[in-house]
Amino acid sequence: MNVKSGELNVRPLVDGDKYTLSRWLSDPVVLEFYEGRDRPFTPEMVEEKFFSDRGVMSCLVEYEGIEIGYLQYYQLDHETMIRYGYTNLDEVIYGTDQFIGEAGYWNKGVGTQLIRAVVEYLLQKEGVHRLVMDPMTWNTRAIRCYEKCGYSKARILREHELHEGVYHDSWLMEFIPE
């Protein structure tokens with residue numbers, strides 16, 4: 001994946017990115033929203049989680065040539081589709097997870113630009129029926145961003161994500177192409 005949109009560039013992770021990811025994923029400001037402040041990452045943990053072959057396309061997000069965030073996308077497997085409440089297992093559904101690791105870029109529209117560019121890219125993949133995300137219900141900034149990009153709340157996923165020692169509800173949010 002190489003996605004360019006204005007000043008935004010999304011590219012596959014390279015080995016040296018593990019240090020950037022480690023920096024972001026040991027910052028309590030970032031961890032409050034992604035992974036949890038009780039789980040700061042070491043470079044080894046980053047290597048294990050983000051660089052192992054797990055059927056996920058892992059990408060670094062750059063803005064104006066500066067590394068600012070992370071995005072991953074993947075096709076949902078049947079087990080996940082069933083857990084999310086989908087009954088037509090012939091559908092092609094992609095999920096994404098992302099975060100802006102440089103907090104100075106929060107609330108500036110960069111996340112919206114990122115999501116719009118990735119939606120456009122993923123919809124060009126053959127036969128995609130819908131795109132999904134599962135932000136925790138309290139992450140209102142992310143939810144607003146996704147709604148601006150055409151996602152809508154489909155259903156609550158009860159106690160879906162373990163975050164800082166507590167299971168939290170998430171919104172299953174969908175983007176369904178016209």
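Our subject is the structure listed above.
For the structure given in this document, a descriptive report is provided here. Fair warning: this is a prediction, and the values are worked out from it, not measured in the lab.

Next up on the list: the packing of aromatic side chains. Summed over all chains, the structure comprises twelve aromatic pairs. Their ring planes at 45° and their centres at 4.4 Å tell us that Tyr34 and Phe99 sit as a pair that is tilted. Pair noted here: Tyr34 is in the loop between α2 (28-31) and α3 (43-50) and Phe99 is in strand β5 (residues 93-100), with a separation of 65 residues, a long-range link. Given the relative accessible area of 7%, Phe99 is considered buried. Three or more aromatic residues link up through ring pairs in this structure, and these residues are Trp24, Tyr34, Phe41, Phe50, Tyr70 and Phe99. Across the ring face of Trp106, the terminal group of Arg141 is positioned such that the distance to the ring centre comes to 4.2 Å.

The next point concerns helix α1 (residues 17-24). For α1, the buried fraction is high: six of the eight residues fall into the buried class. Of all the positions in α1, only Asp17, Lys18, Thr20, Leu21, Ser22 and Trp24 are classed as buried. Looking at the buried side of α1, the elements it contacts are β2 (8-12), α2, α3, β3 (57-63), β4 (66-75) and β5.

Conventions and cut-offs
- Numbering of residues begins from 1 in every chain and follows the order in which that chain's sequence is written.
- Given that the model is predicted, a residue must reach a pLDDT of at least 70 before its local features are reported, and side-chain atom pairs must reach 80 or more before they are shown or counted; all residues, however, enter totals for whole chains, interfaces and linings.
- Each side-chain value is worked out from all heavy atoms of the structure, with water and hydrogens disregarded.
- Aromatic rings from Phe, Tyr and Trp, taking only the six-membered ring of Trp, are treated as a pair when their centres fall within 6.5 Å; an angle between ring planes under 30 degrees marks them as stacked, one over 60 as edge-to-face, and anything in between as tilted.
- Runs of E in the DSSP output that reach at least two residues are strands. Runs of H or I that reach at least four are helices, and both are numbered from the N terminus.
- Burial classes: relative accessible area under 20% of the type maximum marks a residue as buried, over 50% as exposed, and values in between as partly exposed (1.4 Å probe, protein chains only).
- Whether a charge lies above a ring is judged from NZ of Lys or CZ of Arg, which has to be within 6 Å of the ring centre and within 35 degrees of the ring normal.
- The contact criterion used is simple: two residues touch if any of their non-hydrogen atoms lie within 4.5 Å.

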